[in-house]
Amino acid sequence: MQLVLRELEVALRTGRPVCYCALVETRGSTPQKAGAMMLVFPDGSQVGTLGGGCVEAEVKRRALQLLDEGTAGLLTFQLDSDYGWDDGLICGGRMKMLVDPIRPGDDSSYYRTWFDRLLTGTGCTEAVVLDAEAAGAGAEADRYLLDEHGTVIAQRTAGTKELAGVRERLRSLEERPRPYVAGGISYLPCLSRCRLVIVGAGHVGQKVAQLAAEADFDVWVIDDREEYCQSQRFPTAKRLIVAPIDQALSGLDVDSSTYCIIVTRGHNHDEEALYHLAETRARYVGMIGSRRKIRLIFQDLLREGIARDALQRVYAPVGFEIGSQTVPEIAISIVAELIAHRNLGRIPTGIRGESLLSEQTAG
């Protein structure tokens, strides 16, 4: 999404004609899911993809026509014998595309508002009218951009400005919803970026930071060693904090979009970090280490007054079990778990902190 929108911003800024295409609804089995984007330029070049094959080729053909006409529209494709036999796309699903041509001189304020939200990492939801009668709003292909409170902050419509029905089925961005269709409207969430606080700037922390930044986390790194916590080792980090762990974490802004992992160089530092993070509003807290070390840390923190239910929410040992041996493998297992939690809301395999505390109680 970010690559496509950045290329779109360049096209609008330089006055280059472009057709914005988006997959706004899918049913059944399809090669791409709602939210996929593609730009088509007058010379036939493209940025992004809607799934490839002859469906994408047909969207490009219609996009080039609409660039000449200057009107937006919706295209529907049934993936049966009419589409994709040679490309292997006979999966029986249905895809509905929005095609929106933007020519020099057109009003681009809708997209510029969208760019601003992207640059700041602030979430929003795009509402696209698929069925005007069912939606009770505007005309087909009308679009509204809503902020995290459901307020319309931009609209791209065919003339009518009726908003009835658009907010009624809006899901909170706090729930990190996936694209969905309700009441004749396609809702395409653009989720806020999550901050990842990495406590520990060693080899694992360094590799996690690299992979997490590529996966669209805003990375902050904390360590008390300046020679480790520095920009040459963490070129993609948004913030580097060199300070004792208790000092760095005691006043840190940790909200419900913050992910935290503890990968320090020793038992005492891990325990100190978890003491400060376990009871925060963090969306996720994970800690590296053996099960024995984690049990000992949990026992100490319980004695120090940290709530049991807070420790039950800790993901420890952090990372999916993939038989990791090397630093890159460990980092991959950790970032995969972070992505799964961000996208699904919970790790399907359960919470290790909860199971470890249960083992302690049983023992």
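Above this text sits the structure in question.
The paragraphs below set out a description of the structure included in this document. These numbers come from a predicted model, not from an experiment.

### Focus: the overall build of the protein
A tally of regular secondary structure across the protein gives eleven helices and 15 strands. Long-range contacts, defined as pairs at least 24 residues apart, comprise 59% of the intrachain contacts of the protein with a sequence gap of at least 6. Here the protein displays about 16,600 Å² of accessible surface, and carbon together with sulfur accounts for 47% of that area.

### Some thoughts on the pairing of strand E14 (residues 258–262)
Where burial is concerned, most of E14 is hidden: five out of the five residues are buried. Residues Thr258, Cys260 and Ile262 of E14 are buried on one face, and the alternating residues Tyr259 and Ile261, pointing to the opposite face, are buried as well. Sheet topology note: the E14/strand E15 (residues 284–287) ladder contains four bridges and is parallel. The residue bridging Ile262 from the neighbouring strand is Met287, located in E15. One crossover worth recording links E14 to the parallel E15 by way of helix H7 (residues 267–277), and it is right-handed.

### A short note on the packing of aromatic side chains
The final tally for this structure, using the stated rule, is nine aromatic pairs. Ring centres 6.3 Å apart and planes at 25° place the aromatic pair Tyr111 and Trp114 in the stacked group. With Tyr111 and Trp114 both in helix H3 (residues 109–120) and three residues apart, the pair spans about one turn of that helix. Both residues of the pair, Tyr111 and Trp114, count as buried.

### Points about the environment of Leu74
Structurally, Leu74 is set in strand E4 (residues 73–78). Here Leu74 falls in the partly exposed class, since its relative accessible area comes to 22%. Remark: the alpha-carbon pair of Leu74 and Cys21, spanning 53 residues in sequence, is separated by 9.6 Å.

### Section: the sheet that holds E14
The strands making up a sheet associate through hydrogen bonds between their backbones, and the pairing can be parallel or antiparallel. Pairing within the open sheet is parallel, and its five strands lie in the order E13-E12-E11-E14-E15. Edge positions in the open sheet fall to strand E13 (239–242) and E15, since each of these has one partner strand only. Strand-to-strand, the axes of this sheet are offset by a mean angle of 15°, without reference to chain direction. Pairing geometry for strand E12 (residues 217–223) and E13, over four bridges, is parallel.

### Things to note about the packing of helix H1 (residues 2–14) against H3
At a closest axis distance of 10 Å, the pairing of H1 and H3 adopts a crossing angle of 135°. Looking at the two axes, H1 sits oblique to H3. In this structure, the crossing between H1 and H3 has a hand that is left-handed. Here H1 contributes Gln2, Leu5, Leu8, Glu9, Leu12 and Arg13 to the contact with H3, which in turn contributes Tyr111, Arg112, Trp114, Phe115 and Leu118. The class makeup of the residues in the contact of H1 with H3 is seven nonpolar, one polar and three charged.

### Remarks on the pairing of strand E1 (residues 18–27)
Most of E1 is tucked away: eight of the ten residues are buried. One ladder, built from nine bridges, connects E1 with strand E5 (residues 94–102); its direction is antiparallel. Its bridge partner lying in E5, Thr26 is registered against Met95. Where E1 lies against strand E2 (residues 37–40), four bridges are found, and the strand directions are antiparallel. Residue pairing in the sheet places Tyr20 in a bridge with Leu39 of E2.

How each quantity is defined
- Residues numbered from 1 in each chain as written.
- Predicted model: local features only at pLDDT ≥ 70, side-chain atom pairs only at ≥ 80, totals over all residues.
- Heavy atoms only, no water.
- Helix = DSSP H or I, 4+ residues; strand = E, 2+ residues; numbered from the N terminus.
- Contact = heavy atoms within 4.5 Å.
- Areas by Shrake-Rupley, 256 points an atom, 1.4 Å probe, with all protein chains shown as cover.
- Buried < 20%, exposed > 50% of the residue type's maximum accessible area, 1.4 Å probe, protein only.
- Pairing = 2+ DSSP bridges.
- Right-handed = clockwise from strand over helix to strand, strands pointing away.
- Phe/Tyr/Trp six-rings, centres within 6.5 Å; stacked < 30°, edge-to-face > 60°.
- Axes fitted to C-alpha atoms, helices over the stretch in contact; angles between N-to-C directions.
- Parallel < 35°, antiparallel > 145°, perpendicular 65-115°, else oblique.
- Left-handed = near helix turned anticlockwise from the far one by under 90°.
- Nonpolar A, V, L, I, M, F, W, Y, C, P; charged D, E, K, R; others polar.

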